[in-house]
Amino acid sequence: MKLIKAILFTLSLALSAQAFAMTDDESMAFVTAVDADDAKTVAQMIDSGVVPINEKRAFFGWTPLQMAANKNKIEVLKVVLARKPDLNVRHEMSKNTALHLAAINGNKQAVELLLAAGADPNVKMRAGGSIVRVLRDMGSTELLDILVKAGAKDDGCQDEKCF
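Just so we're clear, the structure is a prediction, and the values are computed from it rather than from any experiment. (Residues numbered from 1 in each chain as written. Predicted model: local features only at pLDDT ≥ 70, side-chain atom pairs only at ≥ 80, totals over all residues. Heavy atoms only, no water.)

1. What to know about unusual backbone geometry
The phi angle of most residues is negative, glycine excepted, and most peptide bonds adopt the trans form.
At step 1: At Asn72, a position not held by glycine, the phi torsion is positive, near 55 degrees.
At step 2: For Asn72, the location among the structural elements is in the loop between α4 (64-70) and α5 (74-82).
At step 3: We note that Lys84 has phi near 55 degrees; this positive angle belongs to a residue other than glycine.
At step 4: Topologically, Lys84 is positioned in the loop between α5 and α6 (98-104).
At step 5: Overall, Lys84 belongs to the exposed group, its relative accessible area being 70%. (Helix = DSSP H or I, 4+ residues; strand = E, 2+ residues; numbered from the N terminus. Buried < 20%, exposed > 50% of the residue type's maximum accessible area, 1.4 Å probe, protein only.)

In C-alpha cells, the structure reads:
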C-alpha cells in the first residue's frame with residue numbers, strides 16, 4: 001500500500017509540473033516578442049500564465065525582467081515592471097540582476113525605470129563585486145552617477161581582480 005501511495009504521489013507531482021511547463025514554441029514566441037520589443041504579446045503571454053513573471057527555467061536562467069533589461073527593450077520592460085516581478089532576482093551563474101545587466105550594457109532608460117520601480121542598487125554581483133566598481137572600471141560615469149544618487153555603495157570586492 002505504501003508503494004502504491006508513493007507511486008501515486010510521484011505521478012501527481014510529475015503531472016502537476018507538466019501543467020506549468022512551457023512548450024518550446026511558447027518559449028520561442030516569448031523570446032521573439034522580447035527581441036521585437038512587442039509589449040502586447042509579452043503582456044498577453046504573462047497575463048495568460050503561459051510565462052510566469054519570474055520564470056527562469058525556460059530562458060537559460062534569465063527572467064523576463066532580466067531579458068528585457070539586458071536587451072534594452074523598454075516597452076517590454078515597462079510591461080514586465082507593471083506586473084510586479086521580483087526586481088532583485090540574481091541569475092544563478094552570473095549573479096546579475098536586471099539592474100546590473102541594464103547598467104553594464106549602458107541602458108540608461110532601463111536603469112532609471114528599474115530604480116524607480118525599487119530595484120536595489122546594492123545587490124552584490126559575482127564574487128561580491130558591486131555595480132559601482134564595474135561601472136567605474138568601465139568609465140561609465142553617467143550611469144555611475146545615477147546609481148550613486150540612488151544609494152549604490154562601493155562596498156563590494158576591493159581586490160585587483162574580483163570577477
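What follows picks up the thread again.
2. Overview of the packing of α5 against helix α7 (residues 108-117)
At step 1: For the pair α5 and α7, interaxial distance at closest approach is 10 Å and the crossing angle is 10 degrees. Comparing their axes, α7 and α5 come out roughly parallel. Residues Ile74, Leu77, Lys78 and Leu81 of α5 touch α7, and the partners they reach there are Gln109, Ala110, Leu113, Leu114 and Ala117.
At step 2: Split into classes, the residues belonging to the contact of α5 with α7 amount to seven nonpolar, one polar and one charged. (Axes fitted to C-alpha atoms, helices over the stretch in contact; angles between N-to-C directions. Parallel < 35°, antiparallel > 145°, perpendicular 65-115°, else oblique. Contact = heavy atoms within 4.5 Å. Nonpolar A, V, L, I, M, F, W, Y, C, P; charged D, E, K, R; others polar.)

3. Digging into the pattern of salt bridges
At step 1: Counted according to the given criterion, the structure contains eight salt bridges.
At step 2: The salt bridge partner of Lys56 is Glu92, with a shortest N-O separation of 3.6 Å. Pair noted here: Lys56 is in the loop between α3 (39-47) and α4 and Glu92 is in the loop between α5 and α6, with a separation of 36 residues, a long-range link.
At step 3: Judged by its relative accessible area of 23%, Lys56 is partly exposed.
At step 4: A relative accessible area of 55% means that Glu92 is categorised as exposed.
At step 5: Across the salt bridge formed by Arg133 and Asp137, the nearest N and O atoms sit 2.9 Å from each other. (Salt bridge = Lys/Arg side-chain N within 4 Å of Asp/Glu carboxyl O.)

Keep in mind these values describe shape, not function.
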